[in-house]
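Topology and contacts: notes
Residue strings, one per chain:
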Amino acid sequence: EGESTLFGGTDGGVVKRSCFYLAEMDADESNPIAHVTVSETPRGKEESLRYVKNGELILRRTFWHSRRSDKVVSTEVFVKSERP
């Protein structure tokens, strides 16, 4: 309902999301699970996977535009900082 302010709306709105866990082959063997969030918006669908690999948090996002068949994939790596 309405249009989310993320997509140019001014009165807020609703973004439908689903969260669940899936097996992830790229994750550490000791914890081969990914937390997945799927978001549906008027512009398309985004899937975000979060998992640990080699002690680093990996966030892989895939976006499918509602009017095109191609997809965009980005990967972010979060490294724990060792502060003195």
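In this report, the structure presented in the accompanying data block is examined. (Residues numbered from 1 in each chain as written. Predicted model: local features only at pLDDT ≥ 70, side-chain atom pairs only at ≥ 80, totals over all residues. Heavy atoms only, no water.)

**Considerations on the environment of Ser30**
Mapped onto the fold, Ser30 is located in the loop between strand E1 (16-23) and strand E2 (33-41). According to the relative accessible area criterion, Ser30 is exposed, its value standing at 74%. (Helix = DSSP H or I, 4+ residues; strand = E, 2+ residues; numbered from the N terminus. Buried < 20%, exposed > 50% of the residue type's maximum accessible area, 1.4 Å probe, protein only.)

**Considering unusual backbone geometry**
Of note in the backbone geometry, Asn54 takes a positive phi value of approximately 55° without being a glycine. Among the secondary structure elements, Asn54 is positioned in the loop between strand E3 (44-53) and strand E4 (56-65). Residue Asn54 is classed as exposed on the basis of its relative accessible area, which comes to 63%.

**Here's the deal with the environment of Glu56**
Looking at the secondary structure, you find Glu56 in strand E4. Take Glu56: its relative accessible area is 27%, and that puts it in the partly exposed class. The sequence separation of Glu56 and Asp28 amounts to 28 residues, and the corresponding C-alpha distance is 9.6 Å. Those residues in contact with Glu56 that sit more than four places away from it in its chain are Tyr51, Val77, Phe78 and Val79. (Contact = heavy atoms within 4.5 Å.)

**Focus on the sheet that holds E2**
In any sheet, the strands associate via hydrogen bonds between backbone groups, in a parallel or an antiparallel arrangement. What the 5 strands build is an open sheet, ordered E1-E2-E3-E4-E5; its pairing is antiparallel. Looking at strand neighbours, the two that pair on one side only are E1 and strand E5 (71-78), the edges of this open sheet. Neighbouring strand axes in the sheet, compared pairwise and without regard to direction, differ in orientation by 15° on average. Both E2 and E3 contribute to a ladder of 7 bridges, which runs antiparallel. Across the sheet, residue Glu40 finds its bridge partner in E3, namely Lys45. (Pairing = 2+ DSSP bridges. Axes fitted to C-alpha atoms, helices over the stretch in contact; angles between N-to-C directions.)

**Comments concerning the pattern of salt bridges**
Per the stated rule, a full pass over the model turns up 5 salt bridges. Asp26 serves as the salt-bridge partner of Lys53, at 2.8 Å between the closest nitrogen and oxygen. Of this pair, Lys53 sits in strand E3 while Asp26 is found in the loop between E1 and E2, placing the two residues 27 residues apart along the sequence. Among the residues examined, Asp26 registers a relative accessible area of 32% and is labelled partly exposed. Among the ionic pairs, Glu76 bridges to Arg61, the shortest N-O distance being 3.3 Å. Residue Glu76 is located in strand E5, and its partner Arg61 is located in strand E4; the two are separated by 15 residues in the primary sequence. (Salt bridge = Lys/Arg side-chain N within 4 Å of Asp/Glu carboxyl O.)

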